[in-house]
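# Chains, contacts and geometry: an overview
Here's the letter readout for the chains.
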Amino acid sequence: MQLDIVVGFFILGAFAQLVRSDLRLPAGLYKSCVIFLLIAIGLKGGAALSSYSAATLLPQSLAVVVFGALLPLVAFPILYWIGRWSRVDAAAAAAHYGSVSVATYAVAVALLSSRGIDYEGYFPLFVALLEVPAILVGILLARGAVADANWKKVGHEIAFNQGVLLLLGGIAIGAWAGERTASVMPFFGNLFHGVLALFLLEMGRVAAEKLPDVRAQGAFLLSFGILMPLIGAAGGAALAVLLGLSPGGIFLLAVLGSSASYIAVPAALAVALPQANASVSITLSLAITFPFNVLVAIPVYLALVQHWS
Amino acid sequence: MVKAQFLFGMAVGAVVSAMGVVLTSSGIADGSLAAVGLLILLANGAYWLAQHRTPLAALRLGNLRNSPPARQQGH
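As the structure is a prediction and not an experimental result, all values here were calculated from the model. (Residues numbered from 1 in each chain as written. Chains lettered and ligands numbered in written order. Predicted model: local features only at pLDDT ≥ 70, side-chain atom pairs only at ≥ 80, totals over all residues. Heavy atoms only, no water.)

### What to know about the overall build of chain B
For chain B, the count of helices and strands is three helices and zero strands. Of the regular secondary structure in chain B, the N- to C-terminal order runs α-α-α. Counted over contacts in chain B with a minimum sequence separation of 6, partners at least 24 positions apart contribute 56%. Of the roughly 4,700 Å² that chain B leaves accessible, carbon and sulfur atoms contribute 70%. (Helix = DSSP H or I, 4+ residues; strand = E, 2+ residues; numbered from the N terminus. Contact = heavy atoms within 4.5 Å. Areas by Shrake-Rupley, 256 points an atom, 1.4 Å probe, with all protein chains shown as cover.)

Structure follows, in structure tokens:
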């Protein structure tokens, strides 16, 4: 079981923060990396989309949306009843776990491509679809604890946030252009691993920066932040098997179930649930679940999938 | 940290450790998952002990203050 080379940059970023180095990616470059990754993933998925029929995609997409809506319903009772969190904080954190992390997905895709393992090319569509239902479920779970959400603003944030817009935009352009995407692929395809490495360097630093918050929040945060990805991965893998996906697809859906959002969901919930403690949810997903997925879980999932297939 | 959180943490740690040990012993994965499980167990144990050490120390101090010699000295 080997870690992918890009994970080395994540560890380097974390190390730099722990030894208090002045290493820091300029904010503009970090944002550029995010935009690049979203477009690259979307384009690749869009170009592959044309070879699949709607009859295949529609039921699978519906199943994935239901899966995304169910995950917060698993996370919420744990946080509310065992963690003794307030209803609104538990609902907000649960929404993070129903949604997905594009960075985690990118690491998984990089690992698959470095091993030469094939997967269903339309997976970026699932990534975009999984961003939405958990946010809605999270808001509904918090109902009663908060005043009615401004659904117009929330709807706008969900539909047009940077992540969803660029992913869906990339998929649409890729599907429309088909083979013509080859002209931009020297940039979006060949540089993917390099840009992901830069992005992970900063992510490692940010995750390590949040470690004191983890310590302050207590051991429950650590327990939940490790358990929930494992539950999500088991659910994702089971669903992928039911849908008849390839081993690469089973691995990717497990990774999507395992990941937790820290960009799209916090932005949407800042509008919908401003009372929620955003810091604790972001600490949970960014400082515990993301490093756990990248360093430990993803290699384990791949080893399991390869073992069983 | 309340008792339910502690028990939950210990259960999660035990399950993750067990999964890690099974995967390691069957040669599927390395020991990283088992190590994470152990870390959860240790973290929960450490938090529980740290939280309950302070009241115990205070209780002991209270007992000392209420002991006959302490009371005789007017403490």
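### Details of the packing of aromatic side chains
Using the criterion set out here, one finds 16 aromatic pairs over all chains in the structure. Where Phe6 of chain B meets Trp48 of chain B, the ring centres are 4.5 Å apart and the plane angle is 20°; that geometry is what we call stacked. Taken as a pair, Phe6 of chain B in helix α1 (residues 3-25) and Trp48 of chain B in helix α2 (residues 32-66) lie far apart in primary sequence, 42 residues in all. Phe6 of chain B gets classed as buried once you look at its relative accessible area, which sits at 15%. Among the aromatic residues, ring-to-ring pairing joins Trp85, Tyr97, Phe220 and Phe224 of chain A together with Phe8 of chain B into one connected group. Across the ring face of Tyr80 of chain A, the terminal group of Arg87 of chain A is positioned such that the distance to the ring centre comes to 5.7 Å. Above the face of the Trp176 of chain A ring, Arg180 of chain A is positioned so that its terminal group lies 4.9 Å from the ring centre. (Phe/Tyr/Trp six-rings, centres within 6.5 Å; stacked < 30°, edge-to-face > 60°. Buried < 20%, exposed > 50% of the residue type's maximum accessible area, 1.4 Å probe, protein only. Lys NZ or Arg CZ within 6 Å of the ring centre and 35° of its normal.)

### Structural notes on the UniProt feature "transmembrane region" (unreviewed entry) in chain B
Residue and element names in this part refer to chain B. This chain's UniProt record puts "transmembrane region" (unreviewed entry) on residues 7-25 and 31-50. Across residues 7-25 one finds 100% helix and 0% strand; the C-alpha atoms that close the span lie 27 Å apart. Helix makes up 95% of residues 31-50 and strand 0%, with an end-to-end C-alpha separation of 28 Å. (UniProt positions renumbered as here; feature names shortened; annotations may be inferred.)

### As for the interface of chain B and chain A
Taken together, the contact between chain B and chain A spans 21 residues of the former and 23 residues of the latter. The junction of chain B with chain A conceals about 1,800 Å² of combined surface from both sides, 80% of it contributed by carbon and sulfur atoms. The largest contributions to the chain B side of the interface with chain A come from Phe8, Ile28 and Tyr47 of chain B, which together make up 33% of the buried area. Taken together, the links from chain B to chain A amount to zero salt bridges. Between the two partners, chain B and chain A, sit three residue pairs in polar contact (both at pLDDT 80 or more). When residues of the side of chain B that touches chain A are traced back to their parent elements, those giving at least two are α1 and α2 of chain B. (Buried area = accessible area lost by both parts, 1.4 Å probe. Salt bridge = Lys/Arg side-chain N within 4 Å of Asp/Glu carboxyl O. Polar contact = N/O pair within 3.5 Å; in protein donor to acceptor, adjacent residues only side chain to side chain.)

### With respect to the side chain of Ser223 of chain A
For Ser223 of chain A, the position within the fold is in helix α13 (residues 219-243). Of note is the side chain of Ser223 of chain A, whose polar atom sits 2.9 Å from the backbone oxygen of Ala219 of chain A. Discounting chain neighbours no more than four positions away, the residues touching Ser223 of chain A are Phe8, Gly9, Val12, Ile40 and Asn44 of chain B.

### Points about the pattern of salt bridges
If charged atoms from side chains of opposite charge come close, those side chains can pair. Residue and element names in this part refer to chain A. Using the criterion set out here, one finds four salt bridges over all chains in the structure. Note that Arg24 and Glu209 form a salt bridge whose closest N and O atoms lie 3.6 Å from each other. In this pair, Arg24 sits in the loop between α1 (5-18) and α2 (27-49) while Glu209 sits in helix α11 (residues 192-209), placing the two residues 185 residues apart along the sequence. Glu202 is the partner of Arg205 in a salt bridge, and the nearest nitrogen-oxygen pair spans 3.0 Å. Linking Arg205 with Glu202, this pair stays in helix α11, spanning three residues, or about one helical turn. Comparing Arg205 with Glu202 shows no difference in burial state: the two are buried. Among the charged side chains, a network of salt bridges with common partners joins Arg24, Glu202, Arg205 and Glu209.

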